[in-house]
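Each chain, written out:
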Amino acid sequence: MKTIDVDEELYSYIASHTQHIGESASEILRRMLNLGPQAPGTTCAPVATDSADNKTPPVTPRPVKATSQDPVRVMRELLLSDSYAEKKKTIDRFMLVLSVLYNIDPQGFSKSTDELHGRTRVYFAGDEHTLLASGKTSKPRHIPGTPFWVITNTNTQRKQSMVEQIMQGMGFPANTVEKVCNTL
């Protein structure tokens, strides 16, 4: 798969043609251009390849700075991204959503997780030991790009509930919260 840069207006146009959550930009463009689905057995070209004659520089994706963008838009872009669509396990999507939420608003995320816990277990902490102390089978995992750890041995409904409470605490609209939770 190759990576290309597009301006905000073009990206919004492509994203506005999404038919279902998790649809990749490639799928949207193939549909819009009447190219049909990718043929079975074919693969995408690798990212950041260099041509044999070195005339073409490697393609390097640029990170999105969530703090300068609308949080709802950042979450919508996450749901439309190839990296999200490629995550087949609930736990992987859960961890990615938590990471993006933290990067959108670290203080809002921290405040929302402070109030989030079970009857006997702590769900979020700054270290693995705190989570293990509240339950030996909590299976804590570090949330990438954050100082937080989260318990992961909960069912999908609990994970959805945790994301829902965090997003509500961060001020997301109900329809965005629902879309994100339904993709876990």
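Residues numbered from 1 in each chain as written. Predicted model: local features only at pLDDT ≥ 70, side-chain atom pairs only at ≥ 80, totals over all residues. Heavy atoms only, no water.

Draft legend 1. Fine view of the overall build of the protein chain. Summing up its helical and strand segments, the protein chain has 9 helices and 3 strands in all. In the protein chain, buried positions account for 34% of the 184 residues. Sequence separation of at least 24 residues holds for 56% of the intrachain contacts in the protein chain that already meet a minimum separation of 6. For the protein chain, the exposed surface amounts to about 11,400 Å²; the carbon and sulfur share of it is 53%. (Helix = DSSP H or I, 4+ residues; strand = E, 2+ residues; numbered from the N terminus. Buried < 20%, exposed > 50% of the residue type's maximum accessible area, 1.4 Å probe, protein only. Contact = heavy atoms within 4.5 Å. Areas by Shrake-Rupley, 256 points an atom, 1.4 Å probe, with all protein chains shown as cover.)

Draft legend 2. Highlighting the sheet that holds strand β2 (residues 141-142). The 3 strands are arranged β1-β3-β2 in an open sheet whose pairing can be described as antiparallel. Each edge of the open sheet carries a strand with a single partner, namely β1 (124-125) and β2. (Pairing = 2+ DSSP bridges.)

Draft legend 3. Quick look at the pattern of salt bridges. Following the criterion strictly, the structure yields 1 salt bridge and no others. Here R73 and E77 are joined by a salt bridge, their closest N and O atoms 3.1 Å apart. One end of the pair is R73 and the other is E77, both in helix α3 (residues 71-80) and 4 residues apart, which spans about a single turn. Given the relative accessible area of 22%, R73 is considered partly exposed. (Salt bridge = Lys/Arg side-chain N within 4 Å of Asp/Glu carboxyl O.)

Draft legend 4. Local environment of the nonpolar core. Core analysis: the largest hydrophobic core is formed by 35 residues, its most contacted members being M75, L101, F109, F124 and V163. Listing elements by their share of this core, those giving two or more residues are α3, α5 (90-104), β1, α8 (156-169) and α9 (174-183). Sort the elements by how many residues they give to this core and α5 lands first, with 9 residues. Sequence-distant contacts of F124, that is, excluding residues within four places in its chain, are made with L98, F109, T113, L116, L131, I143, F148, W149, V150, M162 and I166. (Core = buried A, V, L, I, M, F, W, Y, C linked by side-chain atoms within 4.5 Å.)

Draft legend 5. Seen up close, the packing of aromatic side chains. Per the counting criterion, the structure on display carries 4 aromatic pairs. Relative to F109, the ring of Y102 lies with its centre 5.7 Å away and its plane at 90°, an arrangement referred to as edge-to-face. As far as the burial class goes, Y102 and F109 line up, both buried. Between Y102 and F148, the aromatic rings sit 6.0 Å apart at their centres with planes inclined by 65°, giving edge-to-face as the arrangement. Here F148 lies in the loop between β2 and β3 (149-150) and Y102 lies in helix α5, a separation of 46 residues in the sequence. Just as Y102 is buried, F148 falls in that class too. Cluster of aromatic residues (ring-pair linked, three or more members): Y102, F109, F124 and F148. The ring of F94 has K159 lying over it, and the distance from NZ or CZ to the ring centre is 5.9 Å. (Phe/Tyr/Trp six-rings, centres within 6.5 Å; stacked < 30°, edge-to-face > 60°. Lys NZ or Arg CZ within 6 Å of the ring centre and 35° of its normal.)

Draft legend 6. Geometry of the side chain of T146. With respect to the element layout, T146 can be found in the loop between β2 and β3. In this structure the side chain of T146 is engaged in a polar contact, spanning 2.8 Å, whose partner is the backbone oxygen of I143. With residues near it in sequence (within four places) discarded, T146 still touches S99 and Y102. (Polar contact = N/O pair within 3.5 Å; in protein donor to acceptor, adjacent residues only side chain to side chain.)

Draft legend 7. Seen up close, the packing of α8 against α9. The N-to-C vectors of α8 and α9 enclose an angle of 155°; their axes lie 9 Å apart at closest approach. Compared by their axis directions, α8 and α9 come out roughly antiparallel. Judged by the twist between their axes, the crossing of α8 over α9 is right-handed. Residues Q160, V163, E164, M167 and Q168 of α8 lie in contact with α9, whose contacting residues are T176, V177, V180, C181 and N182. Class assignment of the residues belonging to the contact of α8 with α9 gives a composition of 5 nonpolar, 4 polar and 1 charged. (Axes fitted to C-alpha atoms, helices over the stretch in contact; angles between N-to-C directions. Parallel < 35°, antiparallel > 145°, perpendicular 65-115°, else oblique. Left-handed = near helix turned anticlockwise from the far one by under 90°. Nonpolar A, V, L, I, M, F, W, Y, C, P; charged D, E, K, R; others polar.)

Draft legend 8. A look at unusual backbone geometry. The residue K139 is not glycine, and still its phi comes out positive at about 50°. Locating K139 in the fold gives a position in the loop between α7 (128-133) and β2.

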